[in-house]
Amino acid sequence: MNVSGEGVVVTGAAGGIGKALAARLVREGARVVVNDLAPQATERAAAEIGAHPVPGDVASEAGIASLVDHARGHLGRIDMWFGNAGVARGQGLDASESEWTTSWQVNTMAHVRAARLLVPEWIERGSGRFVVTASAAGLLTALGTAPYSVTKHGAVAFAEWLSATYRHCGIVVQAICPQGVQTDMLAAPGPLRDILVKDGALTPEDVADVTWEALQDGRFLILPQAEAAEYYRVRATSTDRWLGGMNKLQQLIEGAETD
């Protein structure tokens, strides 16, 4: 796949997976706009990798519209959209209404709002690519954080719907679903972190490399850890067995926390 000269937007790109994705696309010749909430961090990342910064909050309809307008103004047109911004807020049933709302707006609705603005133009053109960073939590579940798990499931579900609805129009939709990745979300020590890194915590650059490979064949699910595919298969074909195994992990976590 040749992305030379293509106009690309990557959200959540001041660091972590987003920055690594943007850097790889720049190296491959794309013209990249990077977005994140913190202006200075966004500008610093853009300068470092050779991209154009458009800081802003993608958690709102107005924020997404502003980013799309600024990106189109700089790029001329948007050929690929990487919705990478995400948050982990709250834990279990004690998660607050505001934590649920923030998770929903950033992890799910940001994708819906971007697609509303991009897909009609792509249909007319006959091409476009929409890539969602959803996490393995969106395929399986994330013990210890209900808002993150549920809203990442929503991200995968929306990406599936987009692909099923528009692939005949030349629109490619993909979902990146990594497990443990060496980002701020994995920084806190504890039993949940130990579970996430069991199959190996990848670097953001590893995820970017796997994603670049997946751009070549257009596969829907991008699974940086191959083990996730087997977990997903067991979840679908032996749901009660899978839920029982997850509950055993939950009990191990609870036991470790009380030791």
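Look a little higher up for the structure.
Visitor: I'm lost on the overall build of the chain in this one. Help?
Guide: Of the regular secondary structure elements, the chain holds nine helices and seven strands. Relative to the 2.2 N^0.38 estimate, which gives 18 Å for 259 residues, the radius of gyration of the chain is 18 Å and therefore close to what a compact globule would have. With 259 residues in all, the chain has 47% of them scored as buried. Sequence separation of 24 or more characterises 65% of the internal contacts of the chain that already satisfy a separation of 6 or more. Working note: accessible area of the chain is about 12000 Å², and carbon and sulfur atoms make up 53% of it.

Visitor: When you look at the nonpolar core in this model, what are you seeing that I'm missing?
Guide: Side chains that are nonpolar tend, in soluble globular proteins, to be buried together. Of all hydrophobic cores here, the largest spans 46 residues; its most connected members are Val9, Ile78, Trp81, Leu118, Trp122 and Phe130. Top element by residues in this core is helix α4 (residues 97-125). It accounts for nine residues. When near neighbours in sequence (up to four residues on either side) are disregarded, phenylalanine 130 contacts Trp81, His111, Ala114, Ala115, Leu118, Trp122, Leu162, Val172, Val173 and Gln174. Counting 30 residues, the second largest nonpolar core, distinct from the first, contains Ile17, Ile176, Val207 and Val210.

Visitor: What is the right way to look at the sheet that holds strand β7 (residues 221-222) in this model?
Guide: Strand pairing in a sheet relies on backbone hydrogen bonds, with the paired strands running either antiparallel or parallel. With respect to topology, seven strands assemble into an open sheet ordered β3-β2-β1-β4-β5-β6-β7, the strand pairing being parallel. Among the strands making up the open sheet, the edge pair consists of β3 (52-53) and β7. Where strand β5 (residues 128-133) meets strand β6 (residues 171-176), six bridges bridge the pair, whose relative direction is parallel. Counterpart to valine 131 in the pairing with β6 is glutamine 174. On the sheet, α4 packs against β4 (80-83), β5 and β6 and is oriented at approximately 165° with respect to β5.

Rules of the game
- Residues numbered from 1 in each chain as written.
- Predicted model: local features only at pLDDT ≥ 70, side-chain atom pairs only at ≥ 80, totals over all residues.
- Heavy atoms only, no water.
- Helix = DSSP H or I, 4+ residues; strand = E, 2+ residues; numbered from the N terminus.
- Rg over C-alpha atoms; globule rule 2.2 N^0.38 Å.
- Buried < 20%, exposed > 50% of the residue type's maximum accessible area, 1.4 Å probe, protein only.
- Contact = heavy atoms within 4.5 Å.
- Areas by Shrake-Rupley, 256 points an atom, 1.4 Å probe, with all protein chains shown as cover.
- Core = buried A, V, L, I, M, F, W, Y, C linked by side-chain atoms within 4.5 Å.
- Pairing = 2+ DSSP bridges.
- Axes fitted to C-alpha atoms, helices over the stretch in contact; angles between N-to-C directions.

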